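Structure assessment
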Amino acid sequence: EPEVTQTPSHQVTQMGQEVILRCVPISNHLYFYWYRQILGQKVEFLVSFYNNEISEKSEIFDDQFSVERPDGSNFTLKIRSTKLEDSAMYFCASSEGSRGYTFGSGTRLTVV
Amino acid sequence: EDQVTQSPEALRLQEGESSSLNCSYTVSGLRGLFWYRQDPGKGPEFLFTLYSAGEEKEKERLKATLTKKESFLHITAPKPEDSATYLCAVRSDNYGQNFVFGPGTRLSVLP
């Protein structure tokens, strides 16, 4: 069964450093997403991406965040200057359209 | 603003003891209600989509139903491997392709 692959599975970074989280969506999917889940809290929408541009973003997705599809297969989330409160599980997902998404297994980001 | 709540927060069942999980929603123009299963440290795994009141979907021991205000996930004769957090999420006119998730119900099935 096709999978969404995320790397790394766990990333520890110093506050103020930049991090890039990587995702390989399912190959024939057209919509790509990032969600995050702070420990013990709800899964929260960050951003959706379609046709090489951001289609929607939440209030969480401020200027320190950016997304990119650099080579037609990878989909990345960059956090420019990490803060302690950015510590969370970050999930990438992809979909063909209106059906349910396929989520990756997540990257656990720990900011120290 | 769209809201999704789930109850109970946690549920412990004996193996074989059937029960139901609730998802209540307030949205502007429901475009779909989705159930996901999430195991610890993993991403949500898609289970069902329901689009209109009265609709039902089944998969093995799970059955999801939908009314105009809530959805139920019925678990019949659960097994320990059904232990997980069950998440409800909605799509609405306000959010396009994106989901608003509920907080989840943490289910434990004891052997």
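Report follows, based on the coordinates. (Residues numbered from 1 in each chain as written. Chains lettered and ligands numbered in written order. Predicted model: local features only at pLDDT ≥ 70, side-chain atom pairs only at ≥ 80, totals over all residues. Heavy atoms only, no water.)

Contacts between the two partners involve 21 residues from chain B and, on the opposite side, 20 residues from chain A. Summed over both sides, the interface of chain B with chain A buries roughly 1,500 Å², with 50% coming from carbon and sulfur. Run the count over chain B and chain A and you get 0 salt bridges. Linking chain B with chain A are 5 residue pairs in polar contact (both at pLDDT 80 or more), by the criterion used here. Of all the secondary-structure elements, those providing two or more residues to the side of chain B that touches chain A are β4 (30-38), β5 (45-50) and β9 (84-92) of chain B. Here the side of chain B that touches chain A takes 3 residues from β4 of chain B, the largest share from any one element. (Contact = heavy atoms within 4.5 Å. Buried area = accessible area lost by both parts, 1.4 Å probe. Salt bridge = Lys/Arg side-chain N within 4 Å of Asp/Glu carboxyl O. Polar contact = N/O pair within 3.5 Å; in protein donor to acceptor, adjacent residues only side chain to side chain. Helix = DSSP H or I, 4+ residues; strand = E, 2+ residues; numbered from the N terminus.)

All right, on to the sheet that holds strand β6 (residues 56-59) of chain B then. All names here are of chain B. Across the sheet, which stays open at both edges, the 5 strands sit in the order β1-β3-β8-β7-β6 with antiparallel pairing between neighbours. The sheet is open, and its two borders are formed by β1 (3-7) and β6, each paired with just one other strand. Averaged over all neighbouring strand pairs, the angle between strand axes comes to 15 degrees, with direction disregarded. Of the strand pairs in this sheet, strand β7 (residues 62-66) and strand β8 (residues 70-75) are connected by 5 bridges, and their pairing is antiparallel. Paired with Ala64 across the strands is Leu73, a residue of β8. (Pairing = 2+ DSSP bridges. Axes fitted to C-alpha atoms, helices over the stretch in contact; angles between N-to-C directions.)

What follows concerns the nonpolar core. Residues Leu33, Trp35, Leu73 and Tyr86 of chain B are the most contacted members of the largest nonpolar core, which totals 23 residues. Elements with a minimum of two residues in this core: β2 (10-14), β3 (19-26), β4, β5, β7, β8, β9 and β11 (105-110) of chain B. A total of 4 residues in this core trace back to one element, the largest contributor, which is β9 of chain B. Judged by nonpolar contacts, the second largest core, of 22 residues, contains Leu21, Val47, Cys92 and Leu109 of chain A. (Core = buried A, V, L, I, M, F, W, Y, C linked by side-chain atoms within 4.5 Å. Buried < 20%, exposed > 50% of the residue type's maximum accessible area, 1.4 Å probe, protein only.)

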